[in-house]
Amino acid sequence: MAISKEAVLDRLRTIQGPDFEGDIVSLGLVSDIFIADGKVFFSITVPAERARELEPLRAAAERVVREMDDVAGVTVALTAERKGGGMESAPPPPPPVQRPAAAPPTQRPAAPAGRQSGKRGVPGITQIIAVASGKGGVGKSTTAVNLALGLAAEGKKVGILDADIYGPSLPRLLGLKGKPETVDGKVLKPMEAFGLKAMSMGFLVEEETPMIWRGPMVMSALTQMLREVAWGEIDILVVDMPPGTGDAQLTMAQQVPLAGAVIVSTPQDLALIDARKGLNMFKKVEVPLLGIVENMSYFLAPDTGNRYDIFGHGGAKSEAERLGVPFLGEVPLTIDVRETSDAGTPVVVSNPEGAQARVYRQIASRVLAELARHQETGGTGPEIVFE
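I will try to describe carefully the structure that is included in this document.

Calculation criteria
- Residues numbered from 1 in each chain as written.
- Predicted model: local features only at pLDDT ≥ 70, side-chain atom pairs only at ≥ 80, totals over all residues.
- Heavy atoms only, no water.
- Helix = DSSP H or I, 4+ residues; strand = E, 2+ residues; numbered from the N terminus.
- Contact = heavy atoms within 4.5 Å.
- Areas by Shrake-Rupley, 256 points an atom, 1.4 Å probe, with all protein chains shown as cover.
- Buried < 20%, exposed > 50% of the residue type's maximum accessible area, 1.4 Å probe, protein only.
- Patch = residues over 30% accessible without salt bridge, like charges linked within 9 Å, V, L, I, M, F, W, Y side chains within 5 Å.
- Salt bridge = Lys/Arg side-chain N within 4 Å of Asp/Glu carboxyl O.
- Core = buried A, V, L, I, M, F, W, Y, C linked by side-chain atoms within 4.5 Å.
- Pairing = 2+ DSSP bridges.
- Phe/Tyr/Trp six-rings, centres within 6.5 Å; stacked < 30°, edge-to-face > 60°.
- Lys NZ or Arg CZ within 6 Å of the ring centre and 35° of its normal.
- Expected span 1.5 Å × (residues − 1).
- Axes fitted to C-alpha atoms, helices over the stretch in contact; angles between N-to-C directions.
- Parallel < 35°, antiparallel > 145°, perpendicular 65-115°, else oblique.
- Left-handed = near helix turned anticlockwise from the far one by under 90°.

The subject of this paragraph is the overall build of the protein chain. When helices and strands are tallied, the protein chain shows eleven helices and 15 strands. Considering only residue pairs separated by 6 or more positions, the protein chain has 76% of its internal contacts joining residues 24 or more positions apart. When the accessible surface of the protein chain is totalled, it reaches about 17,300 Å², and 51% of it is carbon and sulfur.

Shown next, in the form of structure tokens:
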């Protein structure tokens, strides 16, 4: 018989809540339950400061569900209580998939990155590059997509992973709709557009659905999208990192064998302050910096062609010189980049001979040169792109 949510809830009603008050179901601590292929997934919401103390509660909930007939596996995560009072349940993680037992012999193991070689690679992927920003709103995702397409234009097999769980934008930027298929019911098959293989939380939930997951749920989803996807043979996987320097960013940097980091910032001082925080975080986890990109470097008026330094100019270049890292290029703010991004036809493919596409291809070429240089010198770490 198929496992039902009601049957799972009945079992969970036998688990007493914190401080032995009621049960975890009647207290509203259990999230929506997801069941797939005999595997049960849900989270329990607890006060953040008591998460470690209440680990036995999580283990007890997992145990009683695992003992049910026809249950093949159980994943239970503790999520944090919302500040300001009240318990906040989180939606379940995306449909789980089984990890492949072994990679086919034709796949290449991920190449080690200096002192990061102890981190487990992803079969078939040679190098992983992170595109990150110290803050939101600086064009990180647009830069990541066009950088990936620029790398593909250089003859590389490229994939892109949207690691921004809370604000996934890859489906819109690549004009992709629908949900990914599974391969033999075991791993997710990446979506494809313009020669790129792509995976995003945006493929698994509706565009307007808010994600209110807490730490463990977020990291579980990121791990699944990275390691339980049939990427195949890829030279470079570009990771569009979430903005800022929070838990998700730090965990990705610590656990993924990144090959280098590219920082993207706008020219003004406020953005550069946040970019420095991101730079310092990646330095602490020994992620080498491949360079800095100055996005929205200047505005070109579409009617006159006149240039306006709306956000100042040259701040990112000066910062690169101060830090002793390469300056990868200036990306102007133009109407066509905005229009093509909104339309799901990035400028590198919609107008490959245009000035904007040339800028992105030049940045991609410089990124490849830095990757090669770090590999030759045994440099450490991934490539992170900060906006």
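On we go.
Phi is positive for Phe194, close to 55°, though the residue is something other than glycine. Positive phi is not limited to glycine here, since Met296 has a value of about 55°. Residue classification places Met296 among the buried positions, given a relative accessible area of 17%.

Together, Tyr308, Ile310 and Phe311 make up an exposed nonpolar region whose accessible area comes to about 280 Å². The exposed category is assigned to Ile310, whose relative accessible area is 52%.

Nonpolar side chains tend to gather and get buried jointly when the protein is soluble and globular. If you look at the biggest cluster of nonpolar residues, it comprises 76 residues, and the most contacted ones within it are Leu151, Ile160, Leu174, Trp231, Val238 and Val367. Excluding its chain neighbours within four sequence positions, the residues that come into contact with Trp231 are Val122, Ile125, Gly159, Ile160, Leu161, Pro190, Lys197, Ala198, Met199, Met225, Leu226 and Leu237. If you look at the next biggest cluster of nonpolar residues, it comprises 24 residues, including Ala60, Met68, Val74 and Val76.

This structure, assessed with the given rule, holds eight salt bridges. The partner of Asp342 in a salt bridge is Arg338, and the shortest N-O contact between them spans 3.4 Å. Taken together, the positions of Asp342 and Arg338, both in helix α9 (residues 335–343) and four residues apart, correspond to about one turn of that helix. Arg373 serves as the salt-bridge partner of Glu370, at 2.8 Å between the closest nitrogen and oxygen. Of this pair, Glu370 and Arg373 are both found in helix α11 (residues 355–377), three residues apart, which corresponds to roughly one turn of the helix. Residue classification places Glu370 among the buried residues on the basis of a relative accessible area of 12%. What emerges from the salt-bridge pattern is a single network uniting Glu55, Arg58, Glu62 and Arg66.

Attention now moves to the pairing of strand β12 (residues 289–300). With eleven of twelve residues buried, β12 is to be regarded as a mostly interior element. Bridge count for strand β11 (residues 260–265) against β12 is five bridges, and the pairing is parallel. By the bridge assignment for β12, Val264 is matched with Val293. In terms of strand pairing, β12 meets strand β13 (residues 307–308) through two bridges, oriented antiparallel.

Here the focus is the pairing of β11. With six of six residues buried, β11 lies mostly within the body of the structure. What you see with β11 is no split at all: Gly260, Val262 and Val264 on one side and Ala261, Ile263 and Ser265 on the other are buried throughout.

A separate point is the packing of aromatic side chains. By the definition in use, this model includes zero aromatic pairs. Here the basic side chain of Arg307 rests over the ring of Tyr298, its NZ or CZ set 3.9 Å away from the ring centre.

This part takes up helix α3 (residues 140–153). An ideal rise of 1.5 Å per residue puts 20 Å on 14 residues; α3 measures up with 20 Å between its terminal C-alpha atoms. Most of α3 is tucked away: twelve of the 14 residues are buried. Residues of α3 that are buried: Lys140, Ser141, Thr142, Thr143, Ala144, Val145, Asn146, Leu147, Ala148, Leu149, Gly150 and Leu151. Just beyond α3, the residue with positive phi is Gly155, at close to 95°.

As for its placement among the helices and strands, Val64 is situated in helix α2 (residues 55–66). When near neighbours in sequence (up to four residues on either side) are disregarded, Val64 contacts Arg11, Leu12, Thr14 and Ile15.

Any two packed helices are characterised by how steeply their axes cross, that is the angle between the axes, and by the distance between the axes. Between helix α1 (residues 5–12) and α2, the least distance of the axes is 9 Å, while the angle of their chain directions is 130°. As summarised for this structure, α1 and α2 are arranged oblique, according to the angle between their axes. For the element pair α1 and α2, the recorded crossing hand is right-handed. Counted together, Val8, Arg11 and Leu12 of α1 and Ala61, Val64 and Val65 of α2 form the full contact between these two elements.

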